[in-house]
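Listed below are the residues making up each chain.
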Amino acid sequence: MARQANSSPRNDALSLCVDIGGTKTALAFYGADGGELFYDKFPTHAELGAERLVREIGVHVRRYGEWRRAGRGIVAAPGPLDARGGILLDIVTMGWKNVPVCDLLSRELGLPFSLINDCDAGALGVYHSGYEACPSLVYFSLSTGIGGGAVLGGKEYTGAGNAANFGHIPVAGEELLCGCGGRDCLELYASGSGIERRYLARTGNALGCAGIEAAARAGDALARQLFSEAGSALGQAAEAVRAVLDPACFVFGGSVCHAWDLMEEQFSRCTRVRPHFADASGKQVLLGAYHYGKHEME
Ligand SMILES: [Zn+2]
């Protein structure tokens with residue numbers, strides 16, 4: 001929802017940031033100085049629908065005694081989205097289409113909400129957690145899906161709205177069809193859900209990504225191979241990004257990074273990129289949403 005003139009938050013008002021992800025939803029309140037005052041997270045259960053999730057967000061927000069001091073909300077969610085209209089257009093991994101998330105949240109909490117792509121927010125959050133000196137930074141988020149963001153000269157670069165959609169860079173592969181309509185997108189090989197799908201297809205065994213990682217460490221040859229192929233796919237994509245943007249910093253984050261040592265050798269064979277890693281707090285998206293809201297106010 002567009003912020004209206006008569007609802008401009010006061011300068012000392014708190015910011016409520018919400019990160020809607022395929023697996024979990026997290027929220028945090030930030031003071032005017034950017035300090036985190038409250039943090040909570042819970043499973044998303046996308047299959048129960050957006051309205052149910054918004055009600056649950058309301059329940060968790062009200063656990064913070066000072067929640068009424070919030071002057072605005074910023075919600076980050078997977079793209080593609082219509083940021084101006086506050087609408088989630090089509091979240092394939094969650095089965096959601098055309099969800100007016102800002103209106104729903106505004107109605108639930110009585111606050112104006114703005115919307116940012118979670119990957120852009122993640123990149124901005126990484127930038128503001130120790131990389132402010134970096135003139136150009138790209139961030140790869142490797143979790144259920146793969147997203148990315150680019151921060152150039154301290155500002156997130158969004159292109160026409162969905163730039164830096166690194167999960168859909170084509171890589172050498174097995175001609176797998178992607179939900180986006182393309183073939184052999186990075187996400188099919190190096191995301192948590194991609195690794196799980198490939199393991200399931202070969203073994204009939206529906207293990208989660210963490211379970212496949214554990215299997216690889218225990219010597220499961222197929223699991224090891226899948227992570228090694230994930231590393232190769234990631235290296236190819238990183239090399240493509242390097243060729244286009246030549247950013248000063250490549251930062252990787254998200255749950256799949258836990259298995260980086262299983263991917264590293266093939267990654268390094270495919271690219272000259274030297275990776276940096278986001279801290280494992282998983283709060284980059286929330287922090288980035290806060291900074292996005294702050295920029296909007298200026
Ligand atoms: Zn794709």
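Residues numbered from 1 in each chain as written. Predicted model: local features only at pLDDT ≥ 70, side-chain atom pairs only at ≥ 80, totals over all residues. Heavy atoms only, no water.

A closer look at the sheet that holds strand 7 (residues 96-99)
Strand order across the open sheet formed by 3 strands is 5-6-7, with antiparallel pairing between neighbours. A strand with exactly one partner marks an edge of an open sheet, and here the two such strands are strand 5 (81-82) and strand 7. Where strand 6 (residues 87-91) lies against strand 7, 3 bridges are found, and the strand directions are antiparallel. In the sheet register, D90 faces strand 7, and the bridge partner there is K97. (Pairing = 2+ DSSP bridges. Helix = DSSP H or I, 4+ residues; strand = E, 2+ residues; numbered from the N terminus.)

Observations concerning the coordination of the zinc ion
For the zinc ion, the full set of protein donor atoms is H168 (ND1), C178 (SG), C180 (SG) and C185 (SG), at a range of 1.9 to 2.3 Å. Each of the 4 donor atoms bound to the zinc ion contributes to angles spanning 107 to 114 degrees, and the resulting shape is tetrahedral. Read from N- to C-terminus, the donor residues coordinating the zinc ion fall into the pattern H-x9-C-x1-C-x4-C. Of the two residues, H168 sits in the loop between strand 11 (155-157) and helix 4 (186-190) while C178 sits in the loop between strand 11 and helix 4, which places them 10 residues apart along the sequence. (Donors = N, O, S within 2.8 Å, 3.2 Å for Na, K, Ca; no water. Tetrahedral: all angles 85-135°; square planar, octahedral: opposite > 155°, others 65-115°.)

Side note on the side chain of D118
Tracing the backbone through its elements, the reader meets D118 in helix 3 (residues 118-127). It is K24 that comes nearest to the buried, bridge-free D118 among opposite-charge side chains, at 9.7 Å. For D118, the contacting residues outside a window of four places in its chain are D19, I20, A76, A77, P78, G79 and V285. (Buried < 20%, exposed > 50% of the residue type's maximum accessible area, 1.4 Å probe, protein only. Lys, Arg positive; Asp, Glu negative; His and termini not counted. Salt bridge = Lys/Arg side-chain N within 4 Å of Asp/Glu carboxyl O. Contact = heavy atoms within 4.5 Å.)

So, the domain arrangement of the protein chain
The domain architecture assigned to the protein chain consists of domain 1 (5-122 + 283-297) and domain 2 (132-277). For domain 1 and domain 2, the distance between their C-alpha centres works out to 26 Å. With 10 residues of domain 1 at the interface, the matching set in domain 2 holds 11 residues. For the pair domain 1 and domain 2, the two sides together bury roughly 870 Å², of which 52% comes from carbon and sulfur. Applying the counting criterion to the domain 1 and domain 2 interface returns 0 salt bridges. Seen at the junction of domain 1 and domain 2, the total is 1 residue pair in polar contact (both at pLDDT 80 or more). The set of elements that each furnish at least two residues to the side of domain 1 that touches domain 2 consists of helix 3 and helix 9 (284-297). Split into classes, the residues belonging to the side of domain 1 that touches domain 2 amount to 4 nonpolar, 5 polar and 1 charged. (Domains from an automatic or database assignment. Buried area = accessible area lost by both parts, 1.4 Å probe. Polar contact = N/O pair within 3.5 Å; in protein donor to acceptor, adjacent residues only side chain to side chain. Nonpolar A, V, L, I, M, F, W, Y, C, P; charged D, E, K, R; others polar.)

Looking at the packing of aromatic side chains
Two aromatic rings, taken as a pair, are described by how far apart their centres are and by the angle between their planes. Counted under the stated rule, the structure contains 12 aromatic pairs. In this structure, R62 is placed above the aromatic ring of W67, and the distance from its NZ or CZ to the ring centre is 5.2 Å. A cation over a ring is seen here: K283 above Y39, with NZ or CZ 4.3 Å from the ring centre. (Phe/Tyr/Trp six-rings, centres within 6.5 Å; stacked < 30°, edge-to-face > 60°. Lys NZ or Arg CZ within 6 Å of the ring centre and 35° of its normal.)

Concerning the side chain of S141
With respect to the helices and strands, the residue S141 is situated in strand 9 (residues 136-142). With relative accessibility at 16%, the residue S141 sits in the buried group.

Let's talk about the nonpolar core
Residues F140, L142, L186, F227, L234, F250 and F252 are the most contacted members of the largest nonpolar core, which totals 41 residues. When residues of this core are traced back to their parent elements, those giving at least two are strand 9, strand 10 (146-152), helix 4, helix 5 (192-203), helix 6 (209-217), helix 7 (221-245), strand 12 (249-253) and helix 8 (260-270). Apart from the residues within four sequence positions on either side, F227 is in contact with I195, C209, I212, E213, A216, A259, L262 and M263. Counting 33 residues, the second-largest nonpolar core is a separate cluster that includes L53, W67, A77 and I91. (Core = buried A, V, L, I, M, F, W, Y, C linked by side-chain atoms within 4.5 Å.)

Regarding the environment of E175
Secondary-structure assignment places E175 in the loop between strand 11 and helix 4. Judged by relative accessible area, E175 falls into the exposed class, the value being 53%. E175 sits 10 residues away from C185 along the chain, and the two C-alpha atoms are 9.3 Å apart. Dropping the residues within four chain positions of it, E175 is found in contact with R183, D184 and Y189.

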